[in-house]
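Architecture at a glance
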Amino acid sequence: MRAVFLGTGGTYPCTERNVTAVAVQIDKDVLLFDCGEGTQRQFMKSNVSFMSTRWIFITHYHGDHFLGLPGLIQSMNLNGRKQPIDIYGPKGTKELMRFLLTAGYFSPGYEICVHDVEPKDKIRFNGFSVVVARADHTVPSLAYAVIEDDRPGRFDTEKAKRLKVPPGPLFRQLQRGEEVVVGERTVRPSQVLGPSRKGRKIVYSGDTRPCKEVIELAKDSDLLIHDATLLSSEEVLADDFGHSTALEAAQVAKESNVRMLALMHFSPRYKDAQVLTEEAKSCFPEVFAPSDLQEFVVKLRE
Ligand SMILES: [Zn+2]
Ligand SMILES: [Zn+2]
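All chains use their own residue numbering, which begins from 1 and follows the written sequence. Key to labels: chains lettered from A, ligands numbered from 1, both in the order written. Local features in this predicted model are restricted to residues of pLDDT 70 or higher, and side-chain atom pairs are both shown and tallied only at a pLDDT of 80 or more, whereas totals for entire chains, interfaces and linings draw on every residue. Processing note: side-chain calculations cover all non-hydrogen atoms of the structure and skip hydrogens and water entirely.

1. A word on the nonpolar core
Grouped together as the largest cluster of nonpolar side chains are 32 residues, with contacts concentrated most on Leu-217, Leu-224, Leu-261, Leu-263 and Leu-276. Mapped by element, the contributors of at least two residues to this core are strand S8 (128-134), strand S9 (142-148), helix H8 (212-218), helix H10 (246-256), strand S14 (261-264) and helix H11 (274-281). The numbering of helices and of strands both runs from the N terminus, where a helix is a DSSP run of H or I of at least 4 residues and a strand a run of E of at least 2. If you tally residues by element for this core, the top one is H10, at five residues. Contact criterion: two residues are considered in contact whenever any of their non-hydrogen atoms come within 4.5 Å of each other. Here Leu-217 is in contact with Val-131, Ala-133, Ala-143, Tyr-144, Ala-145, Lys-201 and Val-203, once residues within four sequence places are set aside. Formed by 30 residues, the second largest nonpolar core is a distinct cluster that contains Phe-33, Phe-128, Val-130 and Leu-142. Buried Ala, Val, Leu, Ile, Met, Phe, Trp, Tyr and Cys residues form a nonpolar core when they are joined through side-chain atoms within 4.5 Å. Burial classes: relative accessible area under 20% of the type maximum marks a residue as buried, over 50% as exposed, and values in between as partly exposed (1.4 Å probe, protein chains only).

In structure tokens, the structure reads:
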């Protein structure tokens, strides 16, 4: 499971960075969070294929978060896509997509399913879920958490042997959480498996002031990707425009007990986002400000 920061800038693209988009890859499938203009070119410069994007989640309808969608969707078509794609976003997404997808001569050769979602929704996928929360911005905006299903506990080979389970297919059945019959007896997974292991969790705040909903959503996550548009010397400006400072992002990370914080959505005024990392570090040491195309691998939990 990894996050690839395709675009880390806010507001408008600048020479240092493109506007917002984060790809999260789980096995072969890619979930894309926001899609600022030029996202498809960022994909091409990265080692993630834009064709493997299966689900797109838009936080809100400021241009720096969605203007890359029509181009990306049309390029997928020109590349012969047949696999359907699902697009999720706040209330009004269906309406807006109907408008975007009928601009110009475009007839998709694959199915595009559009869903309006709202805070507290939980969308189930094979092996993971996406949970939706309200973010605190100047327009309706959402935050998303990707939560992997818990994995079964560690398999105790010695215990299984003592219970006379022969190694092979029956071991695998037990590992998958299924009961097996050995001779006259039934062996239950709980007899040979340790406590289940927590799935991994990545949270993406989108544009937001620090808020309790995102703190709640981000609880104990492996990676929190949070708005850090400005330094705290610009706190009033950040608040006026519905954003967070680097220090506020760090406070959210601390309160949520996250393992790692990635700052995002940097104002074009900062040529080097390192100043934002320095500020956040004073409150929360496990932090970095990714540059465009940087990736972060989330390791399996023990
Ligand atoms: Zn923005
Ligand atoms: Zn915005």
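2. Some remarks on the coordination of the zinc ion (ligand 1)
A 2.8 Å cut-off from the metal defines N, O and S donors, relaxed to 3.2 Å for Na, K and Ca; water is not in the atom list, so some sites may appear incomplete. Protein coordination of the zinc ion (ligand 1) is provided by Asp-64 (OD), His-65 (NE2), Asp-207 (OD) and His-265 (NE2), with donor distances spanning 2.1 to 2.2 Å. A four-donor site is classed as tetrahedral when every donor-metal-donor angle falls between 85 and 135 degrees; four donors are called square planar, and six octahedral, when trans pairs exceed 155 degrees and all remaining angles lie between 65 and 115, with any other arrangement labelled irregular. Bound by four donor atoms, the zinc ion (ligand 1) shows angles of 85 to 170° at the metal and therefore irregular coordination geometry. We classify His-265 as buried; its relative accessible area is 3%.

3. Topic: the coordination of the zinc ion (ligand 2)
Bound to the zinc ion (ligand 2) are the protein donor atoms His-60 (NE2), His-62 (ND1), His-137 (NE2) and Asp-207 (OD), situated 2.2 to 2.3 Å from the metal. With four donor atoms in place around the zinc ion (ligand 2) and angles of 89 to 169° between them, the coordination shape is irregular. Binding-site remark: the zinc ion (ligand 2) is held by donors from one chain whose sequence spacing is H-x1-H-x74-H-x69-D. In this structure, the zinc ion (ligand 2) is positioned 3.5 Å from the zinc ion (ligand 1), and both are ligated by Asp-207. Accessibility expressed as a relative area gives 0% for His-60, which makes it buried.

4. Considerations on the layout of surface pockets
Of the grid points, spaced at 1 Å and generated over the protein atoms alone, those admitting a 1.4 Å probe that cannot get out make up cavities, while open sets with protein on both sides within 12 Å along at least five of seven lines make up pockets; any residue with an atom within 4 Å of a point is treated as lining. Grid points are joined across faces, edges and corners, and a volume is the space filled by probe spheres set on the points. Of the voids in this model, the largest pocket is the one considered here, and its volume is about 290 Å³. For the lining of the largest pocket, the per-class residue count stands at five nonpolar, eight polar and three charged. Roughly 190 Å³ of internal volume is contained in the second largest pocket. Surrounding the second largest pocket, Ile-26, Asp-27, Asp-29, Trp-55, Asn-126, Gly-127, Phe-128, Glu-148, Asp-149 and Arg-151 form its lining. Each residue is assigned to one class: nonpolar for Ala, Val, Leu, Ile, Met, Phe, Trp, Tyr, Cys and Pro, charged for Asp, Glu, Lys and Arg, and polar for all the others, Gly among them. When its residues are assigned to classes, the lining of the second largest pocket shows three nonpolar, two polar and five charged.

5. Here we look at H11
Along H11, the residues that are buried comprise Leu-276, Thr-277, Glu-279 and Ala-280. Across the axial projection of H11, the buried residues extend over an arc of 165°, all falling on one side. Packed against the buried residues of H11 are H10, S14 and strand S15 (287-288). What the arc covers is the set of directions going from the helix axis to the C-beta atoms.

6. Re helix H4 (residues 93-100)
Those residues of H4 lying buried are Thr-93, Met-97 and Leu-100. For H4, the buried positions fall inside an angular range of 60° around the axis, keeping them on one side. In H4, those exposed residues whose orientation departs by more than 90 degrees from the buried face are Glu-95, Arg-98 and Phe-99. For H4, the secondary structure elements touched by its buried residues are helix H2 (63-66), helix H3 (69-78), strand S5 (85-89) and strand S6 (112-116).

7. Here we look at the side chain of Asp-227
The residue Asp-227 is located in strand S13 (residues 223-227) in this model. The term polar contact refers here to a pair of N or O atoms within 3.5 Å; inside protein, the definition further demands a hydrogen-donor-capable atom paired with an acceptor-capable atom, and it admits residues adjacent in sequence only when both atoms are side-chain atoms. A polar contact of 3.1 Å, which involves the side chain of Asp-227, links it to the backbone nitrogen of Thr-208. Reaching out from Asp-227, the side chain makes a polar contact with the backbone nitrogen of Ser-244 at a distance of 3.2 Å. Those residues in contact with Asp-227, other than ones at most four positions away along the chain, are Ser-205, Gly-206, Asp-207, Thr-208, Gly-242, His-243, Ser-244, Thr-245, Ala-249, Met-264 and His-265.

8. Points about empty space enclosed by the protein
One pass over the structure, following the stated rule, counts one cavity of 30 Å³ or more. Its volume calculated, the largest cavity comes out at about 30 Å³. Taken together, Val-22, Val-24, Phe-33, Tyr-144, Val-146, Ile-202, Val-203, Tyr-204 and Ile-225 make up the full set of residues lining the largest cavity. Residue assignment for the lining of the largest cavity shows that the elements contributing at least two residues are strand S2 (21-26), S9 and strand S12 (201-204). Residues of the lining of the largest cavity, tallied by class, amount to nine nonpolar, no polar and no charged.

By themselves, these figures tell us nothing about what the structure is for.
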